[in-house]
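Chains, contacts and geometry: an overview
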Amino acid sequence: MELLPAAERNRRALAVGVVLALLGLQALWPEPWLERAAGRLAAPAARVLAPLSAWLSEPVEALVQPPPSPVASLASVEEGLGRPPRVPGTVWWPVPVLERRSSTWTLGAGRALGLFQGQPVVFGTTWLGRLESVSERNAVLRLWTSPDAPTGAWIGRVEGGVPAICLGRRQGGEPLVRQVHPAAEPADGDPVYWRRREGDPPWFERGQFRLGFLRRRGDEGRREGYWAVETALPVAAEGRVYIGLGAIPPDPPAERLPERAAARPALGADGVYGSRLVAIRAAAAVLPEPTALVGGGRVIGPVVTARGSLLWAAPLAPESWPGLAVALEETPFGLSTEPGILLRPGAPIFSRGDGRFPRGLWLGRIGEPAFAAAREMEVVGR
Amino acid sequence: MRRPPRIAVVLPAAVAVTVAMPLLRGLPGGMALPDPLLLLLLAAVPRRLGQVRRAAAWVFLFGLLRASVSAASPFASWAGYGLGLAMRSLAQRYLAEDRFLARLLLGVCAALPLGLLDHLVSARLFAPMAIELTLARMLLVGLLWAVAMAPPPMRRELAS
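Reading guide: rules and limits
Residues numbered from 1 in each chain as written. Chains lettered and ligands numbered in written order. Predicted model: local features only at pLDDT ≥ 70, side-chain atom pairs only at ≥ 80, totals over all residues. Heavy atoms only, no water. Helix = DSSP H or I, 4+ residues; strand = E, 2+ residues; numbered from the N terminus. Rg over C-alpha atoms; globule rule 2.2 N^0.38 Å. Contact = heavy atoms within 4.5 Å. Areas by Shrake-Rupley, 256 points an atom, 1.4 Å probe, with all protein chains shown as cover. Lys, Arg positive; Asp, Glu negative; His and termini not counted. Charge placed at Lys NZ, Arg CZ, Asp CG, Glu CD. Buried area = accessible area lost by both parts, 1.4 Å probe. Salt bridge = Lys/Arg side-chain N within 4 Å of Asp/Glu carboxyl O. Nonpolar A, V, L, I, M, F, W, Y, C, P; charged D, E, K, R; others polar. pLDDT = per-residue confidence, 0-100. Expected span 1.5 Å × (residues − 1). Buried < 20%, exposed > 50% of the residue type's maximum accessible area, 1.4 Å probe, protein only. Pairing = 2+ DSSP bridges. Axes fitted to C-alpha atoms, helices over the stretch in contact; angles between N-to-C directions. Parallel < 35°, antiparallel > 145°, perpendicular 65-115°, else oblique. Patch = residues over 30% accessible without salt bridge, like charges linked within 9 Å, V, L, I, M, F, W, Y side chains within 5 Å. Phe/Tyr/Trp six-rings, centres within 6.5 Å; stacked < 30°, edge-to-face > 60°. Lys NZ or Arg CZ within 6 Å of the ring centre and 35° of its normal.

**Focus on the overall build of chain A**
Scanning chain A from N- to C-terminus turns up three helices and 22 strands. Against the compact-globule benchmark of 21 Å for 382 residues, chain A has a radius of gyration of 27 Å, which places it well outside the compact range. Overall size of chain A, expressed as C-alpha extent along the three principal axes, is 95 × 60 × 45 Å. Restricting the contact set of chain A to residue pairs at least 6 apart, pairs at least 24 apart contribute 62%. About 19200 Å² of surface is accessible on chain A, with carbon and sulfur atoms providing 55% of the total. Distance between charge centres in chain A, computed from 43 positive and 38 negative side chains, equals 2 Å.

**So, the interface of chain B and chain A**
Contact residues are listed per partner, giving 44 residues for chain B and 41 residues for chain A. Both sides of the chain B and chain A interface together cover about 3600 Å² of buried area, and 73% of this is carbon and sulfur. Linking chain B with chain A are zero salt bridges. Those elements that provide at least two residues to the side of chain B that touches chain A are α1 (7-26), α3 (52-68), α4 (74-94), α5 (100-124) and α6 (131-148) of chain B. Sorting elements by how many residues they give to the side of chain B that touches chain A places α1 of chain B first, with nine residues. A per-class count over the side of chain B that touches chain A returns 31 nonpolar, eight polar and five charged.

**What to know about the confidence of the model for chain A**
For chain A, per-residue confidence averages 84 on the pLDDT scale, and 92% of positions sit at 70 or higher. Confidence scores differ between elements of chain A, with strand β19 (residues 334-339) of chain A showing the lowest mean pLDDT of 57 and strand β5 (residues 139-143) of chain A the highest of 93.

**Considerations on helix α1 (residues 6-28) of chain A**
For α1 of chain A, with 23 residues, the first-to-last C-alpha span of 33 Å sits near the 33 Å given by 1.5 Å per residue. Within the span of α1 of chain A, buried status applies to L20, L23, G24, Q26 and A27 of chain A. Those residues of α1 of chain A hidden inside the fold are in contact with α2 (32-56) of chain A together with α4 and α5 of chain B.

**Points about the sheet that holds strand β13 (residues 259-265) of chain A**
All names here are of chain A. Within the closed barrel, the six strands sit side by side as β13-β14-β17-β16-β15-β22. Their pairing is antiparallel. Within this sheet the neighbouring strands show an average axis-to-axis angle of 40°, counted without direction. Looking at chain direction, β13 and strand β22 (residues 377-381) are connected through five bridges and run antiparallel. In the strand pairing of β22, A261 is matched with V379.

**Considering the side chain of S53 of chain A**
Take S53 of chain A: it is sitting in helix α2. S53 of chain A sits in the buried class, given a relative accessible area of 0%.

**Thoughts on the packing of α2 of chain A against α4 of chain B**
For any two helices packed against each other, one specifies the inter-axial angle together with the distance between the axes. Packing of α2 of chain A against α4 of chain B brings their axes to within 9 Å, and their N-to-C directions diverge by 85°. One element, α2 of chain A, and the other, α4 of chain B, form an angle in the roughly perpendicular class. Packed against α2 of chain A, whose contacting residues are L34, E35, A38 and L41 of chain A, the element α4 of chain B presents P74, F75 and W78 of chain B at the interface. Classifying every residue of the contact of α2 of chain A with α4 of chain B by side-chain character gives six nonpolar, no polar and one charged.

**Digging into α5 of chain B**
For α5 of chain B, with 25 residues, the first-to-last C-alpha span of 37 Å sits near the 36 Å given by 1.5 Å per residue. Positive backbone phi, at 60°, marks F126 of chain B, one or two positions downstream of α5 of chain B.

**A word on the environment of L112 of chain B**
Position of L112 of chain B among the secondary structure elements: in helix α5. Overall, the relative accessible area of 29% leaves L112 of chain B in the partly exposed class.

**Topic: a nonpolar patch on the surface**
Residues L14, V18, L22, L25 and W29 of chain A make up a contiguous nonpolar surface patch of roughly 570 Å² in combined accessible area. Assignment of secondary structure puts L22 of chain A in helix α1.

**Here's the deal with the pairing of strand β4 (residues 126-134) of chain A**
Residue and element names in this part refer to chain A. Counting buried residues in β4 gives seven out of nine residues, a clear majority hidden from the surface. Pairing geometry for strand β3 (residues 120-123) and β4, over four bridges, is antiparallel. Looking at the pairing, P120 lines up with R130 of β4. In textbook terms, the turn of a hairpin is the stretch between consecutive antiparallel strands, and for β3 and β4 this stretch comprises two residues, one of which, G124, has a positive phi near 60°. Sheet topology places β4 next to β5; five bridges connect them, and they run antiparallel. If you follow S133 over to β5, its bridge partner there is V140.

**Looking at the packing of aromatic side chains**
Residue and element names in this part refer to chain A. A complete count under the given rule lists eight aromatic pairs over all chains for this structure. Measuring from centroid to centroid gives 5.7 Å for W92 and F209, while their planes differ by 80°, and the two rings are edge-to-face. With W92 in strand β1 (residues 91-100) and F209 in the loop between β9 (191-194) and β10 (210-217), this residue pair connects regions lying 117 residues apart in the sequence. Comparing W92 with F209 shows no difference in burial state: the two are buried. Arranged with centres 4.2 Å apart and planes meeting at 10°, the rings of W127 and W194 form a pair that is stacked. In this pair, W127 is assigned in strand β4 and W194 in strand β9, connecting sequence segments 67 residues apart. Residue classification places W194 among the buried positions, given a relative accessible area of 2%. If you follow R195 out to its NZ or CZ, it ends over the ring of W154, 5.7 Å from the centre.

**Quick word on the confidence of the model for chain B**
Confidence in the prediction of chain B, expressed as mean pLDDT, is 88, and 90% of residues score 70 or more. We note a pTM of 0.81 for the whole complex and an ipTM of 0.88 for its interfaces.

Structure follows, in structure tokens:
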């Protein structure tokens, strides 16, 4: 065997070491586009070898179906919860929320449905804000809690209460209450209602839309006390909001429904992680970004890897859902939505919607086990 | 020094092993089995890394094959296989292969990077692996390597 000179050997060893270290780093802290490119590289091999492997170990066909959702859909619950009180001359129109940021939400309706800038947006008796900008098919709602939206308020009660101005703060801080009359004596815990501004129809105040509750904050001993509003934005409002219109528009607003594609089991087990992962084959080419596997109407788990039309999903129990979730809780007043996952066993939960998963996917009830397959499966994508 | 098996033998064997991997993992106790492609790679690549390009080609091919039947990232496979070969090469400088324990240690060293990477990546795939399974995989690679690479007289003794 011909040995390389020492320097050349060291150079090669260094180069190999660097390449291997980079590969290791990519494996541990993956760059999504590189993973996608490598997945595409492995897709042709998967197309040939996975069917052979499936022939060797037949995937198990499921016989049981998961329990169905207690409600038709999360959207129907949101629509029922969010209907505002009757206001003369106003038709409340439910509009889906397409995207949420900290201060603004993008809504699925625009000028085509008669929306205009400055229009009030509410959910039930909760005041949310006004339309900041309107395009043909979309509108942007500026939440009243954002720093750039001073909002008139009545403290205590509407018409006859203490007038004030609420100013939102950055980074989700409680809105401040300013310009309270010096002679007024508001109390901690007083309800704070929306007050109309010039140009708003006067009858809107009859809706008694609430901003939150008045709270005394700061250190009184150092004369640093101030009034703030404790807000409670309903979680259900993150799905749809209501906009007051003069007449019923001709077309319904644009719903952002998740993309779906039928799926079937592809492999008996994963080649490395065994039966902890489910391999499925789906017409995933129609899905730009497959995110979750749904079986019998319930989410089986998130899609973790794709190699062309071959996908892998991780079956998870409802409480282990990696995205945000919303629970439907029974209350004396009907169903209400609560943020996060409650630990009460049996609470039904849905996906809350975030950058990765669409809103309203039925996740199951807290305490239910994970299930790996169902008779009818589909992949949901964004 | 043993000659590595020929391409005409290794390639079909690698494909057959890849096809059988989901079946093996689905068996009771299959999760503890060592990675069969790693064993094949260790056998296919000469123990002294004189030909880096050839070794890299095998690593690339085996990584792709592994990724075709698993959710494991091809990068984890490439890094695991490549580092495994490098670890084996490094360990060989210090260990005499005529002793069982030395060969066992050599095999464990070769399985260590892939085992660790699979273990770490599993949490991200929502399929966390118990550390015992990872250790069992590495130890089994070491045991198989120690038995398979035993010098001929010792193998005869083991067989009798």
